[in-house]
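Reading the structure
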Amino acid sequence: MLLLAWASLAQAADLRVQQADGSELHLAAPARRIVTLAPHLAEGVFAAGAGRQLIATVDYSEYPAGAVDIPRIGDAFRLDIERIVALQPDLVIAWDSGNPRPAVEQLRQLELPVWSVEIREPRGIPAFIETVGRVSGHAAKARSEADRLRNRLAELRQRYAGAQPLRYFYQVDAKPLFTINERHLISQGLALCGGVNIFAGEPGLAFQVARESVIVANPDAMLAPRLPGAADPLAGWRAWTGLAAVQQGALFLLPADEISRATPRFLDTLDQACKLLQALRGNPDNE
């Protein structure tokens, strides 16, 4: 027993996590005071069972319910550095492509342990949750949740293996017209059920496009995120009756937060989107 306890302590004394750039962050002990710099990161901390250790996060971190009352330190794009430092966190989890890099580097220069995370594939969601659990003292709970999510992904992959490819346009915003390339998390998810992004090969992860480019590409389906109570973001396309997506009624709206954030809820909405595409193939998915 003493040997097992010693081994456990030795492992906890040198916790390592991989940064988005491939480097490693070393923690001397499990994190007890965590700050997250994006809503999806806060949600991931709760999913890992470490919600009580989250001492601050950013605006729009409203899920799960326990995240609502967590103190705010700005939003993902404007961070209150002084406030973060004053909280004395033993782990700051940053969004690599979303948070301002100068602010994140400033936190590092102030000797705060910053873990920069970027989730570009669905499998990165359970991997993040499992790692959070490992570095926060909740390894067993986080592993259970991660395994559940991995099983869901495996089921999606198996269900749509060999599905007829369908070309889609994903509209991030209408004015100006923004979309994503194939490396984005959403595109990676839709690829599991045969979705083919019409702007797959573009260099930017998210970028502005001309309406004419979409019309020329003539996608089979159009998808867009929609906030509760907001107007239909795809309404402007309905007048273009020559488009295949419009002719087939394949203008699909998805819950904005769920499809736009790398969290367990992303898989719920991805499942919904895959079923919509399957119905468009004339093969409704009733599972």
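First, a word on scope: everything that follows refers to the structure included in this document. (Residues numbered from 1 in each chain as written. Predicted model: local features only at pLDDT ≥ 70, side-chain atom pairs only at ≥ 80, totals over all residues. Heavy atoms only, no water.)

Considering helix 4 (residues 101-109)
- By the burial criterion, the buried members of helix 4 are A103, V104 and L107. Angular distribution of buried residues about the axis of helix 4 spans 100 degrees; they occupy a single face of the element. Among the exposed residues of helix 4, those pointing more than 90 degrees away from its buried face are R101, P102 and Q109.
- Looking at the packing, one finds that the buried side of helix 4 touches strand 6 (78-79), helix 3 (81-87), strand 7 (91-95) and strand 8 (114-117).
- Phi turns positive, to about 70 degrees, at E111, one or two residues after helix 4. (Buried < 20%, exposed > 50% of the residue type's maximum accessible area, 1.4 Å probe, protein only. Helix = DSSP H or I, 4+ residues; strand = E, 2+ residues; numbered from the N terminus. Arc of directions from axis to C-beta. Contact = heavy atoms within 4.5 Å.)

Here we look at the sheet that holds strand 8
- Strand order in this open sheet of four strands is 4-3-7-8, and the pairing throughout is parallel. Each having just a single partner strand, strand 4 (54-56) and strand 8 make up the two edges of the open sheet. Strand-to-strand twist of the sheet, defined as the mean angle between neighbouring strand axes without regard to direction, takes the value 30 degrees.
- Bridge count for strand 3 (residues 34-36) against strand 7 is three bridges, and the pairing is parallel. The partner of I34 across the bridge, within strand 7, is L91.
- Seen against the sheet, helix 4 touches strand 7 and strand 8 and runs at an angle of roughly 150 degrees to strand 8.
- Running over the sheet, helix 5 (residues 124-136) touches strand 3, strand 7 and strand 8 and is turned about 170 degrees from strand 8. (Pairing = 2+ DSSP bridges. Axes fitted to C-alpha atoms, helices over the stretch in contact; angles between N-to-C directions.)

Some words on the nonpolar core
- Counting residues in hydrophobic clusters, the biggest one holds 56 residues, and the most contacted among them are I34, L91, I93, W115, F128, F266 and L270.
- With seven residues, helix 11 (residues 264-280) is the largest single contributor of residues to this core.
- Ignoring anything within four residues of it in the chain, the contact list for F128 reads L41, G44, I93, W115, V117 and I119. (Core = buried A, V, L, I, M, F, W, Y, C linked by side-chain atoms within 4.5 Å.)

Some thoughts on the state of the cysteines
- Counted according to the given criterion, the structure contains one disulfide.
- What pairs with C193 in a disulfide is C274, and their sulfur atoms sit 2.2 Å apart. Because the torsion about its S-S bond is -80 degrees, the bridge between C193 and C274 counts as left-handed. Here C274 lies in helix 11 and C193 lies in the loop between helix 7 (185-191) and strand 11 (195-197), a separation of 81 residues in the sequence. (Disulfide = S-S within 2.5 Å.)

Quick notes on the pattern of salt bridges
- Scanning the model with the defined rule gives 18 salt bridges in all.
- Across the pair E62 and R261 runs a salt bridge, and its minimum N-O distance is 3.1 Å. A residue pair is termed long-range when its members are at least 10 positions apart, and E62 in the loop between strand 4 and strand 5 (74-75) and R261 in the loop between helix 10 (256-260) and helix 11 qualify at 199 residues.
- The class for E62 is partly exposed, based on a relative accessible area of 32%.
- Because the salt bridges share partners, they merge into one network encompassing E130, R143, D147 and R150. (Salt bridge = Lys/Arg side-chain N within 4 Å of Asp/Glu carboxyl O.)

Brief notes about the packing of helix 6 (residues 139-159) against helix 11
- Look at helix 6 against helix 11: their axes get within 11 Å of each other, and the N-to-C directions meet at 15 degrees. If you check the angle between helix 6 and helix 11, you find them roughly parallel. The two elements helix 6 and helix 11 cross, and the hand of that crossing is left-handed. Two secondary-structure elements touch here, helix 6 through E145, R148, L149, R152, L153, L156 and R159 and helix 11 through P264, L267, D268, L270, D271, C274 and K275.
- Of the residues in the contact of helix 6 with helix 11, the class split is seven nonpolar, no polar and seven charged. (Parallel < 35°, antiparallel > 145°, perpendicular 65-115°, else oblique. Left-handed = near helix turned anticlockwise from the far one by under 90°. Nonpolar A, V, L, I, M, F, W, Y, C, P; charged D, E, K, R; others polar.)

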